[in-house]
Amino acid sequence: MASLCLCFILHCAIMPVLCGVHLLKDEPITSKPPFPWGKMRLPDTVKPLHYDLFIHPNLTDLNFLGTVQIQLHVQEETQAIILHSKDLHIIRATFLSTAHPRYLTILDSPAFEQIALVSDNFTISKGVHVINIDYAAALSESFHGFYKGTYKTKSGETRVMASTQFEPTHARQAFPCFDEPAFKANFTIRVRREPRHIAVSNMPKLKTVEQPGGLLDDYFDTSVKMSTYLVAFMVCDFLSIRKTTQHGVEISVYAVPDKIDQAEYALDTAVKLLDFYDDYFDIPYPLPKQDLAAIPDFQSGAMENWGLTTYRESGLLYDPEKSSPSDKLGITKVIAHELAHQWFGNLVTMQWWNDLWLNEGFAKFMEFMSVDITHPELQVNDNFLGKCFQAMEVDALSSSHPISTPVENPAEIREMFDDVSYRKGACVLNMLRDFLTPEAFKIGLIRYLRRHSYQNTVNADLWESLSNVCQSDKTDQGRMKLDGFCSGSKPRSEESKWFMQDELDVKAIMDTWTLQKGFPMITVEVKGREVRLSQQRYLKGEDPEKTSSFLWQVPLTYITSRSSTVQRFLLKMKEDVLYLPEEVEWIKFNVDMRGYYIVHYESGGWDPLISLLQHNHTALSSNDRASLINNIFQLVSIGKVPLDKALDLTLYLSQEREVMPVTQGFSELVPLYKLMEKRDMEQLENNMKGYILNLFQGLIDRQEWSDEGSMSQRILRNYLLLFGCVRRHPPVVAQAQRLFQQWVESNGTMRLPSDVSLVVYTEGARTEAGWDFLLEKYFLSISPSERSSIKAALAYSPLAHKLQWMLEKSLEGEVLKTHDLPSLIVTVSKNPKGYQLAWSFMRAHWYKLVSKFDLGSSSISRLVVGVTDQYSTTEMLEEVRQFFGSLPPEAGSELRSIQRALEMIEENIRWTDKNFPLLKAWLDGRQGV
C-alpha cells in the first residue's frame, strides 16, 4: 500500500510538468506580480551555506521528485530570495526560520532561468535562515542536468540509468540552487532508489535505510565547500573495482557489468596520478575517496565532479587486446586532466566563467606535465605542440576572443569551453613555466592553491602568486627554504635570471596574453651581428588595421648555427634590436615552439633554414622542425612568404621519421586537396595527392603491420597506413584487403594488431558486404575502443546511402548512440562522398541538434566549424551565411562559432584564388622529378 501511495504522490506532482498545466488549473487568472530582479547574475546579498538535498528518481516513469533545504546567509534584509531553477516544477517553498513555517510565493523568470521566493507579509532579516523547496521534474532527454541514459547488455536487454552533468549551468535543472561558481557551499545528499540499483555521489555513503514499500535511501557524507556545478549523483546497476593510493584515498572505477573487466588500466592510472598530484602540489587530496565512472551516454569527454569524475566509456575503458596506442594515451590524458581539476577548479575555482581558463587551461597543461612524469613511455609531449597549433588556428581569426573575456548568459558561458580556454591557456602556461623556470613556476602554483583553497579567484590572484616567489608568506609553511631554489643551495639555470630580477612584472607580461585576443608574429631580420625584431598581431583576413593596436611582452628564445644553447630576450616593444656575439649562418627563434607566437625570417632568412632541413634536418629538434613547417604555411596565408617557398621546405619531409614533423606536414598539405575535392579541380587534386603520397611513400612502405615500437612510432604507423589506404597506395591496399578477408573468414575472432585495425576496417567498409559485416561486429562488440574504430571506418566509406543511414540512426538513438552524432556528422563531412550529406543533414535537423546538445556547447561549435571549414566557393559561403542568418538568436544566429565558420570560408576563398595557380605551376614543375 505504501508503494502505491508513493506512486500516486509522484504522479500528482509530476503531471503538471509533463502535461504543461498548473496544479490549480481552475483558479481564476490574476495578474502576475513583476519579477523582483532584472539581471542575469544573482544578487550577492544572499549566499548559500549548506544544501540538504533529497532526490528520488523513477527510472520507469523517467521523472524525479526532490526536496532541497538551503541554509542561507542573508546580508541585507529582503522580501525576495532569488535563485536558479530551470525545467523544475516547484510544488512549494517554505521559510523555516520562524516559530512556524511560512509559505513563500514563487515567481519565475524563464528567460534568466531564475525563481524568486517572495515573503508577502514579512521581511527576511539579516542573518542565517533556512528555506525548504519541494519540486518535481522529468529526467532530461539531453545530456545535461539530471538525465536519462541507457545501455544494452550482452543479451540485448536495454537498461536505464540516471546521472548528472551540471557544468556549466545545469545544476539548476536538478535542484533549485545558487548556480554560479562563487556561491560555494557544503552539500549533504540523500538518494532514494530501488534495491536493484546503486547510488553514487561526491562523498562516501554513510548508511542505507529501508523505506516502506522496499525502496532504499542512501545517505552520503557532507561534502567539502564547493560550487554547484561540481555536485554529482547517479543511480544505476554498475559494478566497481577499487584500490587505495599511497596517501590512503580509495579509488573506484564504475562501469556497466559487462565491461567492468576493462576498468583495470583506468584504476591503476588513477592511483598513480592522484598520488603524483598529492606529492607535486604538496596539498593532500581532501576527500576520502575518488570515483571514476564510465557513462554510456555522455556528451563531453569527461567531467571533474569532486570525488565522482565521469567519463565517456571510450575515455575510461581499456581493452589490452583491442585498444589502440591512441586509445591508451587518450585515456591516460583524460584521467590526468580530471584529477588535476580536483585542485585546479575544485579546490580553487574561478570567480566567474570569464576566467574559465584558470580551470581548463591549467588542467590541460597539467595533463601533459603529469603524464610525461608518471607515464614516460607514452611520449605525451609529442602531442603538446599540436594543441598549440590548433589553438592558433582559432586565434588567428577576428572571431577569436581573449583567454579572459566577459560572458553573461548560459550560451555565452558554454562557448567559453573552446580551444582558447583549453589549448591556448595550456600553451601560454607552458610558455610562462619555461620563462620563469619550472622551479619558480611550481613554487608559485603551490602558493596560489594554498592561498585560495575553497575560494574563488581571478587572473590577478595567479599572477600575484607567481611574482616574488622567494618572498615567503604564511601559506608557504617553510617550504621555500627547503626547496633550495630560493636559498641558492641549488644551482640556478640561466633562465632564472628573468625570474630573479626585481623589475619582472608577471602580471604586466601575462595580461598581454590573457586580456587581448590573438598572438604575435615576430619578424626577424639579421644583418651581420645585428638582429632586428618587430612584432604585430598575426591575423588572417584583409584588414591590416585590425592588428595595429596589439602589443605583447614576448619571452623570445633562440638558437643559432654557432650555438645550441638557448638564449633569451624579452621583447616589450613593437621593435627592438639584439646583438649576437658573432655572425651566424642561421638563427631559429621560439626554440621547441615553447612560446605562443610564430616567426617570420625576413630578407632571405628562410633560405638557410630550408637548406638546413634539406641537408641536415636533425640539427634541429623535431619540435623545431614541426614549428618551421607550421609557421611558413601560416605566413603564406597572409602573403608574407610565397607558396612555392613553403612547398620547397616540405621536400625535406621525404627524409623525416619523427611523428610531430610528419603529422604537421600532413596537416599543412592534406587540407589543400581537401579544398579541391569540393571544387571541380580533379587534375590538380590528383597531382597534389600524388605529391604527398610520393613524399611519404618511403616511410609508408617501411611500416610493419604489427604493434611493435614506441608509442610515437605506433601512432605514426596508424597515421601513415591509414593515409596509404585512403589514397589507394597499392601495397597498403593489398595488405589491408588480405587482413580484412582473413578477419571475415574467422568471423571476426582473429586478433588484428590494434595499430592497424582501423586501416583494415576502413578498407573493408568500401564494399557493401564488408560494411554490413563490420556493422554486425559493431553491435556485438563490448569494447568501446573497437566500436569507435569500426564506427570511424563505417563513416569513411564511399557508400553514400550507408552514410545517410548512419546519420539518421544516430539521430534516432536506438541503434547508434546519439551522443556521437556531432562527431559523426563532422567525420562524414570530411568524406568526399559525404560532405553534401553532412551539410544537408545538419541544416535539416538543426533545431533538434541544438536542443539535444545545448546552444553554445563545444559539440555544436565543433559541428558548425567542422562541417563547413573546407568550403572555398562564394556559392557555399552565401549558402552558409543565408542558413545561419535565417536563424533567430535563440537558435544560434549569434554564436561565435558561426562567425568563425564564415571567416574560415572567406579565408579559403582568398587563399585558393591567390595560390591555386601557384600550386599548379609548382606541381607541374615537379612532374618527372
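Before going into details, it helps to say that this report is about the structure given with it. Predicted model, so just to flag it, every value in this text is computed and none were measured. (Residues numbered from 1 in each chain as written. Predicted model: local features only at pLDDT ≥ 70, side-chain atom pairs only at ≥ 80, totals over all residues. Heavy atoms only, no water.)

### Overview of the packing of helix H9 (residues 459-466) against helix H12 (residues 506-514)
Turning to step 1, where the next piece is worked out: Interaxial distance between H9 and H12 falls to 9 Å at its minimum, and their mutual angle equals 140 degrees. As judged from the angle between their axes, H9 and H12 are oblique. In the packing of H9 onto H12, the handedness of the crossing is right-handed. Residues Asn459, Ala460, Trp463 and Leu466 of H9 pack against Val506, Lys507, Met510, Asp511 and Thr514 of H12.
Turning to step 2, where the next piece is worked out: For the contact of H9 with H12, the per-class residue count stands at five nonpolar, two polar and two charged. (Axes fitted to C-alpha atoms, helices over the stretch in contact; angles between N-to-C directions. Helix = DSSP H or I, 4+ residues; strand = E, 2+ residues; numbered from the N terminus. Parallel < 35°, antiparallel > 145°, perpendicular 65-115°, else oblique. Left-handed = near helix turned anticlockwise from the far one by under 90°. Contact = heavy atoms within 4.5 Å. Nonpolar A, V, L, I, M, F, W, Y, C, P; charged D, E, K, R; others polar.)

### Points about the state of the cysteines
Turning to step 1, where the next piece is worked out: Counted by the stated rule, this structure contains one disulfide.
Turning to step 2, where the next piece is worked out: One disulfide bridge connects cysteine 388 with cysteine 427, the sulfur atoms lying 2.0 Å from each other. Classification of the bridge connecting cysteine 388 and cysteine 427 rests on its S-S torsion, roughly -105 degrees, and on that basis the disulfide is left-handed. Remark: cysteine 427 occurs in helix H7 (residues 419-436) and cysteine 388 occurs in helix H5 (residues 381-395); sequence separation between them is 39 residues. Across this residue pair, the class does not change: cysteine 388 and cysteine 427 are buried. (Disulfide = S-S within 2.5 Å. Buried < 20%, exposed > 50% of the residue type's maximum accessible area, 1.4 Å probe, protein only.)

### A few points about the sheet that holds strand E24 (residues 530-537)
Turning to step 1, where the next piece is worked out: In spatial order, the strands read E27-E24-E23-E29; together these four strands make up an open sheet with mixed pairing. Strands at the two margins of the open sheet, each flanked by one partner only, are strand E27 (575-579) and strand E29 (598-601). Neighbour-to-neighbour, the strand axes of the sheet open up by a mean angle of 25 degrees, direction not taken into account.
Turning to step 2, where the next piece is worked out: Strand direction decides the pairing type here: strand E23 (residues 520-527) and E24, joined by eight bridges, are antiparallel. When the bridges of E24 are listed, isoleucine 522 appears paired with glutamine 535. (Pairing = 2+ DSSP bridges.)

### Notes on helix H15 (residues 643-650)
Turning to step 1, where the next piece is worked out: Where H15 is concerned, the buried positions are Leu643, Ala646, Leu647, Leu649 and Thr650. In an axial view of H15, the angular spread of the buried residues amounts to 150 degrees, which keeps them on one side of the axis.
Turning to step 2, where the next piece is worked out: Packed against the buried residues of H15 are helix H13 (606-616), helix H14 (622-637), helix H16 (659-677), helix H17 (682-701) and helix H29 (896-926). (Arc of directions from axis to C-beta.)

### Here we look at the packing of aromatic side chains
Turning to step 1, where the next piece is worked out: Scanning all chains against the criterion turns up 53 aromatic pairs.
Turning to step 2, where the next piece is worked out: Plain terms: the ring middles of tryptophan 839 and tyrosine 871 are 6.3 Å apart, the flat faces sit at 80 degrees to each other, and that makes the pair edge-to-face. Of this pair, tryptophan 839 sits in helix H25 (residues 835-844) while tyrosine 871 sits in the loop between helix H27 (858-868) and helix H28 (874-885), placing them 32 residues apart in sequence. Per residue, the accessibility class of tryptophan 839 equals that of tyrosine 871, and both read buried.
Turning to step 3, where the next piece is worked out: Residues tryptophan 846 and phenylalanine 883 carry aromatic rings whose centres are separated by 6.2 Å and whose planes lie at 90 degrees to one another, so their mutual orientation is edge-to-face. A residue pair is termed long-range when its members are at least 10 positions apart, and tryptophan 846 in helix H26 (residues 846-853) and phenylalanine 883 in helix H28 qualify at 37 residues. (Phe/Tyr/Trp six-rings, centres within 6.5 Å; stacked < 30°, edge-to-face > 60°.)

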